[in-house]
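# Residue-level structural notes
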Amino acid sequence: MFGYDPLIFWGWTFLSIYIGLMILFGFIGLRRVKSSDDFATARGSYGPLFLAFAMTATAASGATFLGLPALAYTAGLPVLWYAIAYPLGVYCGVLICLHAIRRAGESFGSRSIPEYLGDRYDSDAMRILAALFSMLLLFYLAGQLLAGAVMFTSMLGLDTFPALCATALILMFYIAMGGAHADILTDGVQGALMLLLAALVLWMFLTGFGIEGGFTGMLQQLEEIDPALVQPLSPSNPLFDSKWDVFAIFAAHLPLGLLPHIGNKLWALESNRDQKKFITYSFAFGMLLPAITCGGIMARVVLGDSLFAEGMNPNQAIPELFIATLPSWIAALIGAGVLAAVMSTADGLVVSTAQIFANDIYRRTLAPLWGEGKDDKHVDHVALVISRVATVLVLVCAVALAWNTRETNVALLVWMGVGGMMVASAAPMFLGVLWRRATRAGSITGFIAGGVAFGLFHSGSIKAAWFAHGALEMPAIWLAGQATNPFACATLGAFVSIASMVIVSLMTKPPSDEHLERVFGHG
């Protein structure tokens, strides 16, 4: 194998270097993990620049580096709205909640976003509900493993199932050792590599690299393939056919930066004084990374319609573009960068999902019921063991899920998981930060209403025929037409979540002044 195909040779070479670095970071993380809190959050351990690299890498994911180019390969220039709107949504959401989440984390010692929500509303039910709902993020993790498998398949010549297993084993090894420290250390380095890769793809796109006529020639060839590919919006694509869809992409991504695998990094920031620097760096990096989308547009010109053929998939747009336009060793090196994008989100998902069992279920729920809460050292030791065992089990489940959904677009597979969780948590998260009157009963109602609404909208369960010949017929037809657009369904679900929470909060007893002081501080 190593002697015959230069791409596979260089792919294995760079992969070996990559795995060596990940294992090294795993051992460094292992030395830093002294407690289950270290494993879960790496609290107060990293400066703003390095943590911004890690945060941006985690938020970008395989959906950005493979799913977005796949959508761009299919739909053309209209997908650039997604590349612009989604990071704006993510980092606006983080900006709104950063200070409050860090303060509450310090006040209550929260180790996960479900635990933070439980502490914010002084509700075990809220914490357990959010933790159980977080299991939807297994779809998100499956999407990352699938993206990793695409890279292994394209660059290393592996079949899909061995590629999935290889991706999972690499993650399993270094995360089980170093937890959040290994996650952040690897993501910080991977984030810097991903930014370089995004800048390279943006340069290739703007210069029309390897395409006759350069940038102008690329657009002309794209229009010859299909005029719809160069229009501002795509009437034939339900994801990008109106200004509403662009707004929905922005609004739907507001809670993304506060999902458990991303939000827990907010507690790793070394000093509160660095919050402004951290969000500034993260915003700048986050706006650059989606430039990788441009590679999907280039791929449509360079590769034609070949990825629509049987046995091919638009998810392969980026690796196939590199293979077609660059020397083998550069294509393999860049492939390692895309793999880094996949791993940087997957490792955070593994850590946060393991904390559902170790922290939210065992440490905060079962240990007090079993009378173990008085022995903090024992509880901490058991939680650390559960964290490492859960890491393995979570990855096994995610591999099985990824295998059974392997023909799905990576970006849309991710949204099967994050959509429900983001919609459910939108009202409790944002109103919990912005509105002191938000109550325990309101938060639970908003959480459930949002999650159920997203499921009903996205599954197409609401039929326009129910409202035929009535005053609601036209709105019902429009609503039914949104079922295939996860971003629109998420935005509509968030409206339901917020409205439900506000109504119930106004009808129920407000939280005590003492509790609000712990959450918000004086004043």
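These remarks concern the structure in this document. Only a predicted model underlies this, so the values are computations on that prediction, with no experimental measurement involved.

A count of helical and extended segments in the protein gives 21 helices and zero strands. In terms of principal-axis extent, the alpha carbons of the protein reach across some 70 × 65 × 40 Å. Of all intrachain contacts in the protein linking residues separated by at least 6 positions in sequence, the fraction that spans at least 24 positions is 83%. For the protein, the computed accessible surface area is about 20,000 Å², with 67% contributed by carbon and sulfur atoms. Positive and negative side-chain charges in the protein, numbering 27 and 33 respectively, have mean positions lying 13 Å apart.

Let us now look at a nonpolar patch on the surface. Taken together, the side chains of F9, W10, W329 and L333 make up a nonpolar region of the molecular surface, amounting to roughly 360 Å² of accessible area. Going through the elements one at a time, α1 (6–32) and α15 (328–369) are the ones with two or more residues in the nonpolar patch. If you trace the backbone, W329 turns up in helix α15. Residue W329 is classed as partly exposed on the basis of its relative accessible area, which comes to 42%.

Another aspect to go through is the state of the cysteines. Within the structure shown, the criterion is met by zero disulfides. As a non-bridged cysteine, C97 has C92 as the owner of its nearest cysteine sulfur, 11 Å distant.

This part covers the packing of α1 against helix α8 (residues 160–207). Viewed as axis vectors pointing N to C, α1 and α8 meet at an angle of 100°, and their least axial separation amounts to 7 Å. Taken as axis vectors, α1 and α8 run roughly perpendicular relative to one another. Contacts between α1 and α8 involve L15, Y18, I19, M22, I23, F25, G26, F27, I28, G29, L30 and R32 from the first element and I170, F173, Y174, M177, G178, H181, A182, L185, T186, V189 and Q190 from the second. In terms of residue class, the contact of α1 with α8 is made up of 16 nonpolar, six polar and one charged.

Moving on, we get to the packing of aromatic side chains. All chains considered together, the criterion is met by 15 aromatic pairs. Between Y82 and Y86, the aromatic rings sit 5.9 Å apart at their centres with planes inclined by 85°, giving edge-to-face as the arrangement. Placement of both Y82 and Y86 in helix α4 (residues 80–108) is noted, with a separation of four residues, approximately one turn of the helix. Owing to a relative accessible area of 7%, Y86 belongs among the buried residues under this scheme. Ring-pair connections join several aromatic residues into one group, and the members of that group are Y82, Y86, F240 and F487. If you follow R120 out to its NZ or CZ, it ends over the ring of Y121, 4.7 Å from the centre. Cation over ring: R300 sits above Y73, and NZ or CZ is 5.4 Å from the ring centre.

A few words now on α4. For an α-helix, the turn length of 3.6 residues means that residues three or four places apart are oriented alike. Between its first and last C-alpha atoms α4 spans 41 Å; for 29 residues at 1.5 Å apiece the expected length is 42 Å, and the two agree. A maximum bend of about 50° is found in α4 at C97.

Topologically, A324 is positioned in helix α14 (residues 317–325). The residues contacting A324, other than those within four sequence positions of it, are V302 and L303.

As a further point, take the packing of helix α5 (residues 113–120) against helix α6 (residues 124–133). Where α5 meets α6, the closest approach of the two axes is 7 Å, and the angle between their N-to-C directions is 155°. Viewed along their axes, α5 and α6 adopt a mutual orientation that is roughly antiparallel. For the element pair α5 and α6, the recorded crossing hand is right-handed. Residues P114, E115, L117 and G118 of α5 form the contact with α6, whose own contacting residues are M126, R127, A130 and A131.

Turning next to helix α20 (residues 486–507). The first and last C-alpha atoms of α20 sit 31 Å apart over 22 residues, in line with the 32 Å expected at 1.5 Å per residue. The N-cap of α20, judged by a side-chain oxygen 3.0 Å from the amide nitrogen of F487 a few residues on, is N485.

Its identity is not glycine, yet A42 carries a phi of approximately 50°, on the positive side. You can see A42 is positioned in the loop between α2 (36–41) and α3 (48–75). Since its relative accessible area comes to 0%, A42 is described here as buried. Here the phi dihedral of D122 falls at roughly 50°; this positive angle occurs in a residue that is not glycine.

Below, the discussion takes up the side chain of S36. Mapped onto the elements of the fold, S36 is located in helix α2. Dropping the residues within four chain positions of it, S36 is found in contact with R111, D380, A383 and L384.

This part takes up the nonpolar core. Judged by nonpolar contacts, the single largest core of 149 residues is most densely connected at Y82, L141, L145 and F322. Of all the elements, α8 adds the most residues to this core, at 19 residues.

A few words now on the environment of T365. Relative to the elements of secondary structure, T365 occurs in helix α15. Remark: the alpha-carbon pair of T365 and R127, spanning 238 residues in sequence, is separated by 9.4 Å. With sequence-adjacent residues up to four places away left out, T365 is seen in contact with R127, I128 and D360. Of note is the side chain of T365, whose polar atom sits 2.6 Å from the side chain of R127.

This brings us to the pattern of salt bridges. The tally for this structure, following the rule as stated, stands at nine salt bridges. Between R363 and E115 there is a salt bridge; the shortest N-O distance is 2.7 Å. Of the two residues, R363 is situated in helix α15 and E115 in helix α5; the sequence distance between them amounts to 248 residues. R440 is paired through a salt bridge with D122; the nearest N and O atoms lie 3.5 Å apart. In this pair, R440 sits in helix α18 (residues 440–459) while D122 sits in the loop between α5 and α6, placing the two residues 318 residues apart along the sequence. On the basis of relative accessibility, which here comes to 43%, the residue R440 falls in the partly exposed class. Several salt bridges share partner residues, and in doing so they unite E115, D119, R363 and R364 into one network.

Cut-offs applied
Residues numbered from 1 in each chain as written. Predicted model: local features only at pLDDT ≥ 70, side-chain atom pairs only at ≥ 80, totals over all residues. Heavy atoms only, no water. Helix = DSSP H or I, 4+ residues; strand = E, 2+ residues; numbered from the N terminus. Contact = heavy atoms within 4.5 Å. Areas by Shrake-Rupley, 256 points an atom, 1.4 Å probe, with all protein chains shown as cover. Lys, Arg positive; Asp, Glu negative; His and termini not counted. Charge placed at Lys NZ, Arg CZ, Asp CG, Glu CD. Patch = residues over 30% accessible without salt bridge, like charges linked within 9 Å, V, L, I, M, F, W, Y side chains within 5 Å. Salt bridge = Lys/Arg side-chain N within 4 Å of Asp/Glu carboxyl O. Buried < 20%, exposed > 50% of the residue type's maximum accessible area, 1.4 Å probe, protein only. Disulfide = S-S within 2.5 Å. Axes fitted to C-alpha atoms, helices over the stretch in contact; angles between N-to-C directions. Parallel < 35°, antiparallel > 145°, perpendicular 65-115°, else oblique. Nonpolar A, V, L, I, M, F, W, Y, C, P; charged D, E, K, R; others polar. Phe/Tyr/Trp six-rings, centres within 6.5 Å; stacked < 30°, edge-to-face > 60°. Lys NZ or Arg CZ within 6 Å of the ring centre and 35° of its normal. Expected span 1.5 Å × (residues − 1). Bend = angle between axes of the 7 residues up to and from the residue. Left-handed = near helix turned anticlockwise from the far one by under 90°. Polar contact = N/O pair within 3.5 Å; in protein donor to acceptor, adjacent residues only side chain to side chain. Core = buried A, V, L, I, M, F, W, Y, C linked by side-chain atoms within 4.5 Å.

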